[in-house]
Amino acid sequence: MTDTGKYTMNLICIGAGYVGGPTMAMIAAKCPQYKVTVVDINAERIAAWNSEKLPIYEPGLYDVVKIARGRNLFFSTAIADAINEADVIFVSVNTPTKTFGEGAGRAADLQYWEKTARDIIKASTSDKIIVEKSTLPVRTAHAMERILNANDKGIHFEVLSNPEFLAEGTAIEDLKAPDRVLIGSQLTESGLAARNKLVEIYANWVSRDRILTSNVWSAELSKLVANAFLAQRISSINSISMLCECTEASVSEVAKAIGMDNRIGSRFLNASVGFGGSCFKKDILNLVYICESYGLTEVASYWENVVLMNEYQKKRFVKNMIRVMFNTIAGKRIALFGFAFKADTGDTRESPAIDIAKQLVDEHAKVVITDPEAIDNAAKDLQGCLNFVTFDTDPYSAAKGAHAIAIMTEWKCYKDLDYERIYKTMEKPAFIFDGRNILDHKKLYETGFNVYPLGKECWKHF
Ligand code: NAD
Ligand code: UGA
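Computed from a predicted structure; not experimentally measured.

Caption draft 1: Main features of the packing of aromatic side chains. Counting across every chain of the model gives 16 aromatic pairs. Both rings, one in Y202 and one in W205, keep their centres 5.7 Å apart while their planes meet at 50°; by these two values the pair is tilted. Overall, Y202 belongs to the buried group, its relative accessible area being 4%. Measuring from centroid to centroid gives 6.3 Å for F431 and Y452, while their planes differ by 35°, and the two rings are tilted. Of this pair, F431 sits in strand 13 (residues 431–434) while Y452 is found in strand 14 (residues 450–452), placing the two residues 21 residues apart along the sequence. Classification of F431 as buried rests on a relative accessible area of 2%. Exposure remark for Y452: the relative accessible area of 7% places this residue in the buried category. Through successive ring pairs, a cluster of aromatic residues spans F326, F431, F433, Y452 and F462. A cation over an aromatic ring shows up here: K35 above the ring of F74, its NZ or CZ 5.6 Å from the ring centre. The lysine or arginine in question, R139, covers the ring of W217, its NZ or CZ lying 4.1 Å from the ring centre.

Caption draft 2: Geometry of helix 11 (residues 280–293). Here helix 11 spans 20 Å end to end across 14 residues, near enough to the 20 Å set by a 1.5 Å rise per residue. Of all 14 residues that make up helix 11, 10 are buried, and the element is covered over most of its length. Every buried residue of helix 11 is listed here: F280, K282, D283, I284, L285, N286, L287, V288, I290 and C291. Buried positions along helix 11 lie against helix 9 (216–247) and helix 12 (297–324). Phi for G295, located one or two positions after helix 11, is positive at around 80°.

Caption draft 3: Representation of a nonpolar patch on the surface. There is a patch of nonpolar side chains on the surface, built from Y294, L296 and V299 and spanning about 280 Å² of accessible area. With respect to the helices, strands and loops of the structure, L296 is situated in the loop between helix 11 and helix 12. Taking the relative accessible area as the measure of exposure, L296 reaches 39% and is therefore partly exposed.

Caption draft 4: Just the sheet that holds strand 13, in detail. The six strands lie next to each other as 11-10-9-12-13-14, forming an open sheet whose pairing is parallel. Where the open sheet ends on each side, the last strands, each with one partner, are strand 11 (389–391) and strand 14. Pairwise comparison of adjacent strand axes, ignoring direction, gives a mean angle of 20° for this sheet. Alignment of strand 9 (residues 333–337) against strand 10 (residues 366–370), held across five bridges, turns out to be parallel. Looking at strand 10, one finds that A335 is bridged to V368. The strands that helix 12 touches are strand 9, strand 12 (404–407), strand 13 and strand 14; relative to strand 13, the one it contacts most, it runs at about 165°.

The rules we used
Residues numbered from 1 in each chain as written. Chains lettered and ligands numbered in written order. Predicted model: local features only at pLDDT ≥ 70, side-chain atom pairs only at ≥ 80, totals over all residues. Heavy atoms only, no water. Phe/Tyr/Trp six-rings, centres within 6.5 Å; stacked < 30°, edge-to-face > 60°. Buried < 20%, exposed > 50% of the residue type's maximum accessible area, 1.4 Å probe, protein only. Helix = DSSP H or I, 4+ residues; strand = E, 2+ residues; numbered from the N terminus. Lys NZ or Arg CZ within 6 Å of the ring centre and 35° of its normal. Expected span 1.5 Å × (residues − 1). Contact = heavy atoms within 4.5 Å. Patch = residues over 30% accessible without salt bridge, like charges linked within 9 Å, V, L, I, M, F, W, Y side chains within 5 Å. Areas by Shrake-Rupley, 256 points an atom, 1.4 Å probe, with all protein chains shown as cover. Salt bridge = Lys/Arg side-chain N within 4 Å of Asp/Glu carboxyl O. Pairing = 2+ DSSP bridges. Axes fitted to C-alpha atoms, helices over the stretch in contact; angles between N-to-C directions.

Set out below in structure tokens:
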């Protein structure tokens with residue numbers, strides 16, 4: 001028993017971001033017997049976790065937080081105290097792509113991760129289980145164990161890999177009923193004991209047949225590979241969207257036809273302006289870097305093409321806009337509907353809308369951005385080009401006087417707008433570029449729009 005006997009175990013998480021916050025809130029909500037503390041160096045973020053306006057937008061998150069906060073879920077900046085008290089330490093700090101030195105632009109920047117290891121050594125006075133929640137290069141646990149167990153206090157640290165597979169926008173459902181929970185450990189006595197302890201934590205609400213155990217390297221690598229495979233499907237269908245446009249095939253029909261084959265499956269086959277999010281690109285580039293470092297040049301270039309195809313899809317989207325809008329968009333108002341990297345999140349990290357907006361600004365278009373949740377982040381992302389960019393929370397006024405609308409995010413609210421009303425207020429000819437294929441293209445055409453979907457025939461009046 002820890003903490004005056006009130007709780008049976010003390011779990012902490014270092015890193016109160018998109019993963020640390022929701023994951024630990026779910027554990028706390030499902031397991032009132034554990035004390036769960038989420039710590040971060042960012043005091044503002046911690047204050048927001050303790051408030052009614054959480055630092056991230058995620059459907060259903062607040063309800064889960066409310067169940068446990070103050071009961072057995074705590075958010076704090078007292079990192080050393082939390083480490084000292086902990087039995088199990090989840091680490092979910094950011095692991096972005098390195099921007100400097102060896103491996104810049106590809107390798108994972110492990111400085112935040114290593115800093116936590118040093119904090120853990122400094123503050124610990126007893127043995128602990130360390131759980132890698134962050135996405136890390138395969139064999140990081142090896143380095144981690146070396147750093148941690150080089151301590152001169154005689155403390156033993158057992159490092160487990162427990163990568164997180166939640167997707168933003170559906171994080172709560174994903175955490176409540178995960179496809180699988182993956183736990184990798186060393187196959188030593190202490191490794192297996194630690195692994196069992198973590199299995200027992202998840203078994204409070206996840207059925208045991210969905211809790212998968214493996215060696216620690218397989219767990220680390222599986223996370224990178226899962227993201228690479230998911231992104232690869234999107235790049236594959238996006239590549240086919242280009243061929244569809246040349247051949248009068250429809251990418252939605254092709255996706256449906258191939259997706260009904262059980263061996264292929266129907267998910268992650270929506271053609272789009274490009275995948276975004278903080279992880280796909282970074283994790284694939286990391287995979288590429290690792291392959292290169294083992295001399296696997298062909299494997300590296302195979303996976304790198306998934307990212308290159310994604311970059312190409314974003315470029316081609318804008319090129320097409322310029323071409324159909326009479327080869328110039330200078331001075332034209334263009335409304336971007338959506339800025340988040342996907343619907344149901346305010347997160348804009350690596351959002352395709354960032355690149356699209358910047359390319360439009362390079363062409364001297366007047367860009368107006370609307371989004372239900374991501375306007376604040378959009379303003380930060382586009383700081384360098386604010387002379388050409390404005391923001392408007394109302395899509396109707398964003399479109400007023402615009403020459404074109406481009407759908408960037410598949411927010412449901414954009415499907416339900418009154419496009420007849422919008423059409424009346426726009427410059428003519430009015431264009432819609434549907435970067436997510438979510439609108440009723442025929443109906444828009446009948447309203448008067450010239451409509452350019454992805455990977456299917458366009459509907460134009462001239
Ligand atoms: P994030 O940037 O939202 O959160 C990371 C947090 O760690 C930040 O609040 C930062 O202040 C904190 N931090 C950094 N160094 C610290 C330190 N030394 N001590 C205490 N706090 C520290 O990142 P995220 O999106 O939650 O991602 C975290 C990890 O999880 C990454 O490795 C990512 O690849 C992985 N992941 C993310 C998602 C996702 O949907 N965002 C899903 C699965 C896995
Ligand atoms: C993704 C994975 O789905 C998670 O399993 C993983 O845990 C997470 O990355 C991570 O490691 O960070 P996430 O990036 O939150 O989750 O969102 P996704 O639903 O995967 O979407 C990623 C991007 O692909 C979005 O821009 C989305 O719009 C795009 N996408 C998705 C498509 O363009 N087409 C599709 O068919 C599906």
